[in-house]
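# Tertiary structure, described
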Amino acid sequence: QVRWTKTAGSASDKFQETSIYNETLRIEGIQRVQGGRYYCKADNGVGVAAIKSIRVDVQCLIDPSVILNSLGGSFSNPKKKKKSISLYIFLGNEPPFAMTCMQMKNVLQQTLSEPARDYDVSFSLIELNVLFISNILTCGVAVLALEYCTKPPCNLPNSPMRFDEDNTKAPPMIRLSVNDTVVVDPGQDVLLNCEIIAGFPAPAVTWSRYPGPLPLSAQVRGPVLFLRAVTPADSGFYNCTAVNNVGNPARKNVNLVVRTMTNLTFQITPDSNKDSETIQMHRDLKLSCHVDATPQDKVNYSWYKNGAPIFGSGRLIILRSDPDMAPGTSSLEILDMKFQDLATYSCVANFPGSRVPELRVDVNISQNSVSPPVLSVPPGGQMISVREGANAELACLVTAKPRPPVLWSRAEKLLMPGGRSITETPDGRLRLRNVSRDMMGAYRCQTAPYNGLNIKRRGGTGVLLITSNPPTLDPVFQDVRSRNYQMVTLRCAVLRSNPPRLTDIRWFRNGEFIRMPVPDLKETPELKFKLEPTNNGSYECRVSNSIGMSTCMFNVSTKPYYAEFYFDTPNPVRIQKGNNYSYNLQWTQRDPEATDRIIGYWLMVRKVFQNKQNVFAKQIDLRGKEPEKGVLMSHTISDLRIPLAYEVRLAPITTYSTGDYISRTIQYSERVLDHVCGFEDERICGFSQDRSDDFDWTRQNHLTQNPKRSANTGPETDRSGTKEGYYMYIEASRPRVQGDKARLLSPLFNVTSVRGPKGSGRVPYCVSFYYHMKGKHIENVFEKHLTVRSIASVDSVVWTKSGHQGPDWKRALFDVSPSGPFQIVFEGIRGPSFEGDIAIDDVSITIGKCKQEN
């Protein structure tokens, strides 16, 4: 089984399980928040699951078109025609980002009539994307060249923008050919004209809609929007926008409403003052009528008695909007009901002057035409049992005049199937498809007040739904390994079963039935036997009830568990004579005491990308020393050719069997940092923390640093001066104590040629980095050691610095000439006080001597 998981950002974030169980994870329409590290975990129940990770970085894209709008301005010095304006900057990118810097590149053009000092242009960023500029001459054309830059994670290059200001420009002004709200019938054509009445240069007009895009049938012809044969789905707010890059864009909105009318319902309310539930003479009666319409306030209701219009009188009162009912409800009240009031009453709803068809409902009123509802569950319907995956029908019968619909809900505020809290059924029968276990439980039914008597609801009747399913067992699969001639017990636990009574339990080995005494169906299925070389294999327990069967699978063997490679070994570890190298293979043994004693390992080495020819296969003899759990074992593989890559396979051996092989690839490479490492990536260019030190270096920037950190110590930003840039940092505050060390290791750099050009000795390497050491207690206490670490782990200090070095970043560079593969180690030591933090940034290691700066 393959499962995908994801972390939201940093490595410390908890796993967020996904619902993806597939070898391929597809992400459509990816957003920046979906970036991060994805983990693919493959598990077949045998040994430790295999895990691979993939990092997804979602890049930012910016539309190169940028609009600058003049928000207008005033003349600060009319005699010299000097003007102050504001520029509003629209950045056409998704997602938007904040501008972090702006720079005036060119001062305005000088003219012969004015001295240069009159062109003292000043500007300031007064709010997000708004730039206020003063002292602009408007007697001629003023040209401003601006520049904006972005912040990580986009890291887009700076982009220049140009804006021309003169006295002939005017912001756009528009007006619409229709009112703010347009109400039409379905099928009508709609023409919206956005007329431009001012603006220079000529504004460009665009149309949009909220919510959603413009309808597919919409036709845009410049400022004109044409909608043919509108439907209710075309309703919404249509926006006209005119832009000419001068001042604010001009905008107008029109609300388009397409008339609709559906679902006409009625209610009969007996005399509520007398708490009546039947129609009685000499008491009051109210008939109510409601239709779902758009717009609701434009609906007109008409009442009829036996086909004749009803006009309000002393005993017949028509309420156009009944305050006791839902908004948009009309009611007819009959006071002191008499024999002549028994008739057929009709309610008609329509839109005056509209082509939308009117809706009509008829209600017959007589002394025996209404009766209160009575709810009941049919015999045998109180408890419904259905097989999982089948369909079910819950019934709640109602007798009433008129017959109201029935509303279904679930106990304990659970949602109904489909995600709603209530489900309406006109006939009182709730039909469920593909019943699952989460649908099991109590269901309740009650009457609805509309299309019936408006009285106290009848409810509380319950139906219990029980799903029947085959037994759920644990484990589904288990890998069992043991020593030979030891007793093995296999258990297949029944977690749940409906019906709970089991009908059969059977055990199989390699597909063949195992004859054994009849098991007790009330106990946990169990199989005990002595493991021998002849009865290794696949065991299966089949458990059944009256619904179906489920199985537990066991793979039983005496094979040892596989080894686990240790991947922190430098690659490679030693250069041999000629063009050869060797590798120190390291591994641990998983659960070595679970099976028979491991006496050795099979080692197979073959070339990669060359038909995978076996170079050699050999047995590693442990010479009586048994592997211990968690203890590292090693073996040196010699005579590997530079620069070939090899596949190494390793399997443990016992007296009776050989375990599974595991493999890894040894890839030789000569590497140096091919770029300046600014620690902008979480992988920090292959640098790692030394496990033998007291605490670690921390990757941070201005935005992630602790706001409660020690004052007057540490850098404010990285070496480039941006708040978003990262650097490596050690904090001297608690729980650090004097003498604690933090060591940061570079990747291992291989050296195959131990000598440089003729007469120059060993090949030189240039190490360059920037450091920041600020703090009043740093003098003669804090040291930063740069160490060349050889394969034999012998450190030699090649550069050191102590004491307060000021508030600025400083650069260090020097040459090293290693005799073989080497690492660079940055070591910081904590002094007697918390005021003295250290940071490094922009590290580079290149072949050749350093070029000394003037």
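Remember, predicted model here, so these are calculated numbers, not experimental data.

Thresholds applied
- Every residue gets a number counted from 1 within its own chain, in the order that chain's sequence is written.
- Note on the predicted model: pLDDT of at least 70 is required for a residue's local features to be given, and 80 or more for side-chain atom pairs to be given and counted; whole-chain, interface and lining totals, by contrast, use all residues.
- Note that the side-chain values use all heavy atoms of the structure and ignore hydrogens as well as water.
- Strands here mean DSSP runs of E at least two residues long; helices mean DSSP runs of H or I at least four residues long; both are numbered from the N terminus.
- Buried residues are those whose accessible area, probed at 1.4 Å on protein chains only, stays under 20% of the maximum for their type, while exposed residues exceed 50% and partly exposed ones sit between those limits.
- Contacts were defined at the residue level, with two residues in contact if any of their heavy atoms lie within 4.5 Å.
- Here the Shrake-Rupley method, with its probe set to 1.4 Å, supplies the accessible areas, and only the displayed protein chains count as covering residues.
- Salt bridge, as used here: a side-chain nitrogen of Lys or Arg that lies within 4 Å of a carboxyl oxygen of Asp or Glu.
- DSSP calls a pair of strands paired once it identifies at least 2 bridges connecting them.
- In this description, a nonpolar core means a group of buried Ala, Val, Leu, Ile, Met, Phe, Trp, Tyr and Cys residues linked to one another through side-chain atoms lying within 4.5 Å.
- Between the rings of Phe, Tyr and Trp (Trp by its six-membered ring), a pair exists once the centres lie within 6.5 Å; its type follows the angle of the planes, with under 30 degrees stacked, over 60 edge-to-face, and the other angles tilted.
- Here, a charge over a ring is recorded when the distance from Lys NZ or Arg CZ to the ring centre is within 6 Å and its angle to the ring normal is within 35 degrees.
- Contacts described as polar in this section are N or O atom pairs within 3.5 Å, which, within protein, must combine one atom able to donate a hydrogen with one able to accept it, while residues neighboring in sequence count only if both atoms come from side chains.
- Each axis is a line fitted through C-alpha atoms, taken for helices only over the stretch in contact, and angles between the N-to-C directions span 0 to 180 degrees.

## Observations regarding the overall build of the protein chain
A count of helices and strands for the protein chain gives zero helices and 63 strands. A total of 854 residues make up the protein chain; the buried ones form 43% of that total. Long-range pairs, those at least 24 residues apart, make up 68% of the contacts in the protein chain with a sequence separation of at least 6. Total accessible area computed for the protein chain in this model is approximately 46,400 Å², and 49% of it derives from carbon and sulfur atoms.

## Observations concerning the pattern of salt bridges
One pass over the structure, following the stated rule, counts 27 salt bridges. Salt-bridge contacts for Glu540 lead to Arg542; the nearest nitrogen and oxygen are separated by 3.1 Å. According to the relative accessible area criterion, Arg542 is partly exposed, its value standing at 25%. For Arg743, the salt bridge is made with Asp690, and the minimal N-O distance between the two is 2.7 Å. Of this pair, Arg743 sits in strand S57 (residues 741–745) while Asp690 sits in the loop between strand S54 (688–689) and strand S55 (698–700), and the two are 53 residues apart along the sequence. Accessibility assignment for this pair places Arg743 and Asp690 in one class, buried.

## A look at the pairing of strand S14 (residues 190–200)
Where strand S12 (residues 170–176) and S14 come together, five bridges link them in antiparallel fashion. Opposite Arg175, over in S14, you have Glu195 as the bridge partner.

## Description of the nonpolar core
Formed by 31 residues in total, the largest nonpolar core has its most connected members in Ile268, Leu285, Val291, Trp303, Tyr345 and Ile365. The set of elements that each furnish at least two residues to this core consists of strand S20 (260–270), strand S21 (285–294), strand S22 (300–305), strand S24 (316–319), strand S25 (329–334), strand S26 (344–350) and strand S27 (359–364). A per-element tally of this core places S21 first, with five residues. In contact with Ile365, other than residues within four places in its own chain, are Ile268, Ile279, Leu285, Leu287, Met337, Leu342, Ala343 and Tyr345. In this structure, Phe695, Leu744, Tyr771 and Met773 belong to the second largest nonpolar core, which totals 28 residues.

## A word on the side chain of Thr595
Within the secondary structure, Thr595 sits in the loop between strand S48 (580–589) and strand S49 (598–607). Among residues more than four places away in sequence, those in contact with Thr595 are Arg481, Ser482, Arg483, Thr558, Lys559 and Pro560.

## Focus on the packing of aromatic side chains
The tally for this structure, following the rule as stated, stands at 13 aromatic pairs. Summarising the aromatic geometry, the rings of Tyr727 and Trp809 are spaced 6.0 Å apart at their centres and angled 65° between planes, so their arrangement reads as edge-to-face. Here Tyr727 is found in strand S56 (residues 727–730), whereas its partner Trp809 is found in the loop between strand S60 (795–799) and strand S61 (810–816), with 82 residues between them in sequence. Its relative accessible area of 0% is what places Tyr727 among the buried residues. One aromatic cluster is present, built from ring pairs that chain together Phe679, Phe687, Phe769, Tyr771, Trp799 and Phe826. The ring of Phe513 is capped by Arg506, whose NZ or CZ atom sits 5.7 Å from the centre of that ring. The side chain of Arg719 reaches across the aromatic face of Tyr770, ending 4.2 Å from its centre.

## Points about the side chain of Asn244
In this structure, Asn244 sits in the loop between strand S18 (236–243) and strand S19 (250–258). Polar contacts involving the side chain of Asn244 include one to the main-chain carbonyl oxygen of Ala170, which spans 2.8 Å. Dropping the residues within four chain positions of it, Asn244 is found in contact with Ala170, Pro171, Pro172, Gly199, Phe200, Pro201, Ala202 and Pro203.

## Regarding the pairing of strand S13 (residues 181–184)
Judged by which residues are buried, S13 turns out to be one-sided: Val182 and Val184 face inward and are buried, whereas Thr181 and Val183, on the alternate face, are not. Sheet topology note: the S13/S19 ladder contains four bridges and is parallel. If you follow Val184 over to S19, its bridge partner there is Val258.

## Concerning the sheet that holds strand S41 (residues 502–509)
Read from one edge of the open sheet, five strands run S38-S45-S44-S41-S42, paired in mixed fashion. Edge strands, defined here as strands with exactly one partner in the open sheet, are strand S38 (477–481) and strand S42 (512–513). Across eight bridges, strand S44 (residues 537–545) lies against strand S45 (residues 549–557) in antiparallel orientation. Along S45, the bridge assignment pairs Val543 with Ser550.

## Re the sheet that holds S14
Taken in spatial order, the four strands line up as S12-S14-S17-S16 in an open sheet, and their pairing is antiparallel. The open sheet has two free edges, formed respectively by S12 and strand S16 (219–221), since each of these has just one partner strand. Along the sheet, successive strands turn relative to each other by an average axial angle of 15°, direction set aside. In this sheet, strand S17 (residues 224–227) lies alongside S14 in antiparallel orientation, the contact comprising four bridges.

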